[in-house]
Amino acid sequence: MFSDNKKGKAIDPTNQQNRISQGTKIVGDITSQGGFRIDGEIEGTLNTPNRVVIGKDGIVKGTIICKDADIEGRVEGTLTVTNLLSLKSAALIEGEVIVGRLAVEPGATFNASCEMKGSVKSLAKDGKKQGERSA
């Protein structure tokens, strides 16, 4: 999990942040130990045990599974946030949301079914709680 950099110090990937810049579109599934800042577009699944920030121009169509999320852009699909989901006034959410805690600024558009789990501590990689089975 840790690797050495050129200076001989360990690098912790959970402290790293990935950035999808405006004008960039990624189609496919992404898994990372580091957090994400999205100002471009993702179609697929984004899975990280860290924070996801979606900027004003950011768009995600698909599934997001993360610990915390700050959203100012648009999400269409399934959003599973084990801790805090914070929707800024420009946010547009459409789909299904499973969240530990929710904060919504006035002006945000929230067209989603929402299930609040308190603090969801044990989500598997597919977004289901451990021990939960599909039909």
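Bear in mind that the values here come from a model prediction, so they are computed numbers and not experimental data. (Residues numbered from 1 in each chain as written. Predicted model: local features only at pLDDT ≥ 70, side-chain atom pairs only at ≥ 80, totals over all residues. Heavy atoms only, no water.)

Asks: I'd like a rundown of the confidence of the model for the protein, residues and numbers included.
Replies: Per-residue confidence for the protein gives a mean pLDDT of 85; residues scoring 70 or more make up 76%. Across residues 130-135, confidence stays below pLDDT 50; counting only partners more than four residues off in sequence or on other chains, it has two contacts. (pLDDT = per-residue confidence, 0-100. Contact = heavy atoms within 4.5 Å.)

Asks: Before we move on, can you summarise the environment of Lys67 with the specific residues and values?
Replies: Here Lys67 lies in the loop between strand E9 (59-66) and strand E10 (68-71). The sequence separation of Lys67 and Gly100 amounts to 33 residues, and the corresponding C-alpha distance is 9.1 Å. Here Lys67 is in contact with Thr48, Pro49, Asn50, Val81, Thr82, Asn83 and Leu84, once residues within four sequence places are set aside. (Helix = DSSP H or I, 4+ residues; strand = E, 2+ residues; numbered from the N terminus.)

Asks: I'd like a description of the pattern of salt bridges, backed by residues and values.
Replies: Inspection of the entire model under this criterion finds seven salt bridges. A salt bridge links Lys25 to Glu43; the shortest N-O distance between them is 3.1 Å. Taken together, the positions of Lys25 in strand E4 (residues 25-27) and Glu43 in strand E7 (residues 41-47) put the pair 18 residues apart, joining distant regions of the chain. By relative accessible area, Lys25 is classed as partly exposed at 48%. Relative accessible area serves as the criterion here: at 27%, Glu43 is assigned to the partly exposed category. Arg37 is the salt-bridge partner of Asp39, the closest N and O atoms lying 3.1 Å from each other. A relative accessible area of 27% places Arg37 in the partly exposed class. Taken together, the shared-partner salt bridges connect Arg19, Arg37 and Asp39 into one network. (Salt bridge = Lys/Arg side-chain N within 4 Å of Asp/Glu carboxyl O. Buried < 20%, exposed > 50% of the residue type's maximum accessible area, 1.4 Å probe, protein only.)

Asks: An account of the nonpolar core is requested, with residue identities and associated values reported.
Replies: Within the largest apolar cluster, 22 residues are counted, with the highest numbers of intra-cluster contacts made by Ile38, Val52, Ile54, Ile64, Ile71 and Leu85. The set of elements that each furnish at least two residues to this core consists of strand E6 (35-38), E7, strand E8 (51-54), E9, E10, strand E11 (74-87) and strand E12 (92-104). In terms of residue count, the dominant contributor to this core is E11 (five residues). (Core = buried A, V, L, I, M, F, W, Y, C linked by side-chain atoms within 4.5 Å.)

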